[in-house]
Amino acid sequence: MSEHQHQESHVIEYGNYIFIWLGLLAFTGITVTVSGINLGNWTIVIALFIACIKSWYVLNYFMHMKYEEMVFKIFILTALFTFFIFLGFTFWDYSFAR
Amino acid sequence: MSSTDHAAAVHQVHRDDYGSRLGMWLFLFTELILFGGLFIVYAVYRFMHQQEFHLAAQELNTTIGLINTIALLTSSMTAAMSITAMQKGNLRFSKWLIWVTIGFAFVFMVNKYFEWSAKIHHGIFPGSKDLLAKPDGEILYFGLYYVMTGLHTFHVIVGVIFFLFILRQIKQGKITSDRYVRLENSALYWHLVDLIWIFLFPLFYLIH
């Protein structure tokens, strides 16, 4: 039996998933409602902020990231950090080039 | 090593669920960069053509987008639940939940079919005369719309193939209540498809 086998035993109950799902639906409802209100540039900021909250729940509960070892979390932070470097530098470039 | 130790080592089937999941996550990061690159292209062009992006987005049907959002969120939940059912040894329920997940994937694809058909019917598709007559920003918006939702729908199809493969392996007894890492990895892939849609929906459908 491998040393990592013990991690497999973490069982998330059906009820918890339904709870997370209802939360995700509620956040979707909020995004759609907010998009109908004219808030100028804040609309996109709020929409992306809510999308990030939804992603956090999907990652932690549906994808079990909450119950994984530290190395998984370091990996995902590294991947996101890399992505934000791409995004940040692209916009930095555009703000000077124009 | 004594001969009995050696015999034990030979009979032990090599298995590393932890490494398997870690490998799947590494693959998912390449997907993040794939879609991430497209999101960056989207961000830059939207920044350059704000008015035209707003105008072009009026053409999309928010209701269809919303139905597809709900379909993917719900299928993500049933995919996650199928792992719980498998862990509890309830193979029948696990298989049923995978079928429900596939069902929602079809709801998504049928919706997408009608959505794209309507656009094409109105003459909005890459390279069409009607589209090329529009301003640059709108051409870019619809180009990105077809590429990004198209690539995403391709992932939905791949996800369905993964789940059909999983159903076959459950039937063959290759996936059991104490050996289900392939089901976990397929579900991870499915959740990624859901994650990408969480961002595609507000960026394409909810610009007002």
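All values reported here derive from a predicted model rather than from experimental measurement.

**Considering the overall build of chain B**
A tally of helices and strands in chain B yields eight helices and zero strands. Each helix and strand of chain B, ordered N terminal to C terminal, gives the series α-α-α-α-α-α-α-α. In terms of overall size, chain B is more extended than a compact globule, its C-alpha atoms giving a radius of gyration of 22 Å where 208 residues would be expected to give roughly 17 Å. Judged by the C-alpha coordinates and their principal axes, chain B covers about 80 × 35 × 25 Å. Per-residue burial over chain B gives 52% buried out of 208 residues. Taking as baseline every contact in chain B between residues at least 6 positions apart, the subset at least 24 positions apart corresponds to 83%. Computed over 15 positive and 13 negative side-chain charges, the inter-centroid distance for chain B is 11 Å.

**A word on the interface of chain B and chain A**
Each partner contributes residues to the interface: chain B has 49 residues there, and chain A has 49 residues. Interface of chain B and chain A: buried area, both sides summed, is about 4600 Å²; carbon and sulfur atoms make up 75% of it. In terms of surface lost to chain A, no three residues of chain B exceed B:Tyr18, B:Trp25 and B:Ile40, which account for 14% of the buried area on that side. Across the chain B-chain A interface, the total number found is two salt bridges. For B:Lys88, the salt bridge identified is with A:Glu13, shortest N-O distance 2.7 Å. The tally of links from chain B across to chain A stands at seven residue pairs in polar contact (both at pLDDT 80 or more). Where the side of chain B that touches chain A is concerned, the elements lending two or more residues are helix 2 (17–48), helix 4 (62–87) and helix 8 (181–205) of chain B. Broken down by element, the side of chain B that touches chain A gets its largest block of residues, 17 residues, from helix 2 of chain B. The residue makeup of the side of chain B that touches chain A, split by class, is 32 nonpolar, 10 polar and seven charged.

**Things to note about the nonpolar core**
Counting residues in each nonpolar core, the largest one holds 79 residues, and the members touching the most others are B:Trp25, B:Tyr141 and B:Phe204. Broken down by element, the residue count for this core peaks at 16 residues, all from helix 8 of chain B.

**With respect to the environment of A:Thr78**
All names here are of chain A. Take Thr78: it is sitting in helix 3 (residues 70–97). Separated by 37 residues in sequence, Thr78 and Asn41 have C-alpha atoms that sit 29 Å apart. Separated by 2.6 Å, the side chain of Thr78 and the backbone oxygen of Ile74 make a polar contact.

**Looking at helix 3 (residues 50–57) of chain B**
Residue and element names in this part refer to chain B. Within helix 3 the residues assigned to the buried category are Phe53, Ala56 and Ala57. Buried residues of helix 3, viewed axially, fall in a sector of 95 degrees; they line one side. The outward face of helix 3, more than 90 degrees from its buried face, is lined by the exposed residues Gln51 and Leu55. Residues of helix 3 that are buried in the fold lie against helix 2, helix 7 (136–171) and helix 8.

Each value, and the rule that gives it
Residues numbered from 1 in each chain as written. Chains lettered and ligands numbered in written order. Predicted model: local features only at pLDDT ≥ 70, side-chain atom pairs only at ≥ 80, totals over all residues. Heavy atoms only, no water. Helix = DSSP H or I, 4+ residues; strand = E, 2+ residues; numbered from the N terminus. Rg over C-alpha atoms; globule rule 2.2 N^0.38 Å. Buried < 20%, exposed > 50% of the residue type's maximum accessible area, 1.4 Å probe, protein only. Contact = heavy atoms within 4.5 Å. Lys, Arg positive; Asp, Glu negative; His and termini not counted. Charge placed at Lys NZ, Arg CZ, Asp CG, Glu CD. Buried area = accessible area lost by both parts, 1.4 Å probe. Salt bridge = Lys/Arg side-chain N within 4 Å of Asp/Glu carboxyl O. Polar contact = N/O pair within 3.5 Å; in protein donor to acceptor, adjacent residues only side chain to side chain. Nonpolar A, V, L, I, M, F, W, Y, C, P; charged D, E, K, R; others polar. Core = buried A, V, L, I, M, F, W, Y, C linked by side-chain atoms within 4.5 Å. Arc of directions from axis to C-beta.

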